[in-house]
Amino acid sequence: MLIYVHVPFCRAKCRYCAFYSETPAPGAFAAYAEALLREIDLRADTLGVSTAATVFFGGGTPSLLPPAVLGRILERLAARFTLAPGAEISLEGNPESLLLPGRLGALKALGINRLSVGIQSFDDARLRLLGRPHAAAQAVAAIRAAKETGFDNIGLDLIRGLPGCGSLPAHTPDAWLRELEQAVVLGPQHISAYCLTLEPGTPLAGEATGLSFPGEEDQTTMFHEGAALLESEGLSQYEVSNFARPGFACRHNRGYWRGIDYLGLGPGAVSTLDGVRRSTQPDFVLWRAACLEGNLPAAEVESLSRETMALERLMLGLRTLEGVDLPAWEALSGRSFSAEYGEQARALTAAGLTIFTPEHFAPTRRGLALADALTERFM
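Residues numbered from 1 in each chain as written. Predicted model: local features only at pLDDT ≥ 70, side-chain atom pairs only at ≥ 80, totals over all residues. Heavy atoms only, no water.

### Some words on the overall build of the protein chain
Quick note on the threshold: To qualify as a helix, a DSSP run of H or I must reach at least 4 residues; to qualify as a strand, a run of E must reach at least 2; elements of each kind are numbered from the N terminus. Using C-alpha atoms as the atom set, the radius of gyration is obtained and then compared with a globule rule of 2.2 Å times the number of residues to the power 0.38. When a residue's accessible area, from a 1.4 Å probe over protein chains only, is under 20% of the maximum for its type it is buried; when over 50% it is exposed; and in between it is partly exposed. Whether two residues touch is decided by their heavy atoms; if any such pair falls within 4.5 Å, the residues are in contact.
For the protein chain, the count of helices and strands is 16 helices and 15 strands. Computed over its C-alpha atoms, the radius of gyration of the protein chain comes to 21 Å, within 12% of the 21 Å expected for a compact globule of 379 residues. By its C-alpha atoms, the protein chain is 60 × 55 × 40 Å across when sized along the principal axes. Across the 379 residues of the protein chain, 51% fall into the buried class. Contacts spanning at least 24 positions in sequence make up 70% of the contacts within the protein chain whose residues lie at least 6 apart.

### With respect to the environment of Asp-325
Keep this limit in mind: Throughout this description, a polar contact denotes any pair of N or O atoms lying within 3.5 Å of each other; where both atoms belong to protein, one of them has to be capable of donating a hydrogen while the other can accept it, and for residues adjacent in sequence the pair is counted only when both atoms sit in side chains.
As for its position among the elements, Asp-325 is in strand β13 (residues 324–325). In the structure, Asp-325 is positioned 110 residues away from Gly-215 in sequence and 36 Å away in space, judged by C-alpha atoms. At 3.0 Å, the side chain of Asp-325 forms a polar contact with the backbone nitrogen of Ala-328.

### Brief notes about the packing of helix α1 (residues 28–47) against helix α11 (residues 284–292)
Filter applied, for reference: What counts as an axis is a line fitted to C-alpha atoms, over the stretch in contact for a helix, and the angles between N-to-C directions run from 0 to 180 degrees. Put simply, angles under 35 degrees are roughly parallel, angles over 145 are roughly antiparallel, angles from 65 to 115 are roughly perpendicular, and the rest are oblique. Crossings are sorted by hand: turned counterclockwise from the far helix by less than a right angle, the near helix makes the crossing left-handed, and turned clockwise it makes it right-handed. Residues are sorted three ways: Asp, Glu, Lys and Arg are charged, Ala, Val, Leu, Ile, Met, Phe, Trp, Tyr, Cys and Pro are nonpolar, and all the rest, Gly among them, are polar.
Two elements in contact, α1 and α11, have axes whose closest approach is 8 Å; the angle formed by their N-to-C orientations is 50 degrees. The orientation of α1 relative to α11 falls into the category oblique. Remark: the crossing between α1 and α11 carries left-handed chirality. Here Ala-28, Ala-31, Tyr-32, Glu-34, Ala-35, Leu-36, Arg-38, Glu-39 and Leu-42 of α1 come into contact with α11, specifically with Phe-284, Trp-287, Arg-288, Cys-291 and Leu-292. Its residues assigned to classes, the contact of α1 with α11 comprises 10 nonpolar, no polar and four charged.

### A short note on the nonpolar core
Which entries qualify depends on this criterion: Only buried residues count toward a nonpolar core, which is a set of Ala, Val, Leu, Ile, Met, Phe, Trp, Tyr and Cys residues joined through side-chain atoms within 4.5 Å.
Judged by nonpolar contacts, the single largest core of 64 residues is most densely connected at Ile-3, Tyr-32, Phe-57, Ile-73, Leu-77 and Ile-112. The biggest single contributor to this core is α1, with nine residues. Among all residues touching Tyr-32, those that are not within four sequence positions of it are Val-5, His-6, Val-7, Pro-8, Phe-9, Leu-65, Ile-73, Pro-267, Phe-284 and Trp-287. With 15 residues, the next largest nonpolar core counts Trp-329, Phe-337, Ala-345 and Phe-361 among its residues.

### What about helix α14 (residues 337–350)?
Rule in force here: Bend is the name given here to the angle between axes fitted to two runs of seven residues, the run ending at a residue and the run starting at it.
Where α14 bends most, at Glu-343, the angle is about 45 degrees. Here α14 has its buried residues at Phe-337, Tyr-341, Gly-342, Ala-345 and Leu-348. Where the residues of α14 are buried, they touch α12 (306–317), α13 (326–333), β14 (354–356), β15 (360–363) and α16 (371–376). Immediately downstream of α14, the backbone of Gly-352 shows phi near 80 degrees, a positive value.

### Quick word on the pairing of strand β1 (residues 2–7)
To keep things clear, this is the line we draw: Strand pairing requires that DSSP identify at least two bridges connecting the strands. Orient the strands so they point away from the viewer; a crossover is then right-handed if the path from the first strand over the helix to the second runs clockwise.
Most of β1 is tucked away, with six of its six residues classed as buried. Burial along β1 is two-sided: Leu-2, Tyr-4 and His-6 facing one way and Ile-3, Val-5 and Val-7 facing the other are all buried. Examined bridge by bridge, β1 and strand β9 (residues 262–265) share four bridges and lie parallel to one another. Bridged to Val-5 within β9 is Leu-265. Across six bridges, the pairing between β1 and strand β2 (residues 51–59) is parallel. Looking at the pairing, Val-7 lines up with Gly-59 of β2. At this point the chain moves from β1, through α1, to the parallel β2, and the crossover so formed is right-handed.

What follows is the structure, given as structure tokens:
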């Protein structure tokens, strides 16, 4: 099992972000901790003895939480669940909060062993357009400080395909490669290079008509040339948007892509356990009230059919170079992959987009760039 803890607090909402978060009011961190500890107990009482291979603090901005609060949460998780030896314990953070006095040292002392730092760009003008609360110099300082503190598993998040506005031009392949070069110089073990998606309802989506965006050809060039640059620097692509040095692929995210059960805690978190998906309502007040009353918070609950789980496993597998373990897929679905999808798989393999054997179905590097189009063939 994997454990995800949603921390719904941000200093300010980024202009492209559709994840649930809010600005913390006075006392919000203590109120959050009190309710989350109760939710951990409620879920542990329901699940019984479970072993967690990973814990991931996401958000929001988990690095805003005082270390004392994070320590209480980790202590309760360890008391109510079994954390596997050497469990990966990740925390997402923004540069400005990681640079708070003593913050990095305290996180290290708590047993946080993986940092995922939201940098997004090394260009201050682009950071302002995105509504990010830090400057490029802070990003560089945060990574250097984390390394000096002793963190040896540091990931950076960057966004390609950023828009232009006024005198600021849209991302070009050259500009994107310069951003990646700046990231590589910092010596991270992991880089996530996401393509900007304009989510409905976000400020950036509302202003799209006033922005200029890279064309499709430039987007394709950024994907391929960016991947080649990172590969040449020892960061191997293992998923559409993720690159890692040997041994440093994110174990938590890999668990999602392999279909491992996960428990989500906090308002807006999602769990998938034993074929049941539970999406907790993204409302801090209602979530907290339910937890303190001893009830599981309100959630949308969906029982997943074998067909749905098999399709999800296939779609997620086609986003990774690891691909899909076909014997495991057939055990999950109760169907023959070759009989059901053999024609499509052979055609894609003949086109050089996938690899298809009796045991394995996976995209090639060229196919990985077309992951969304590949999955459409199996919908």
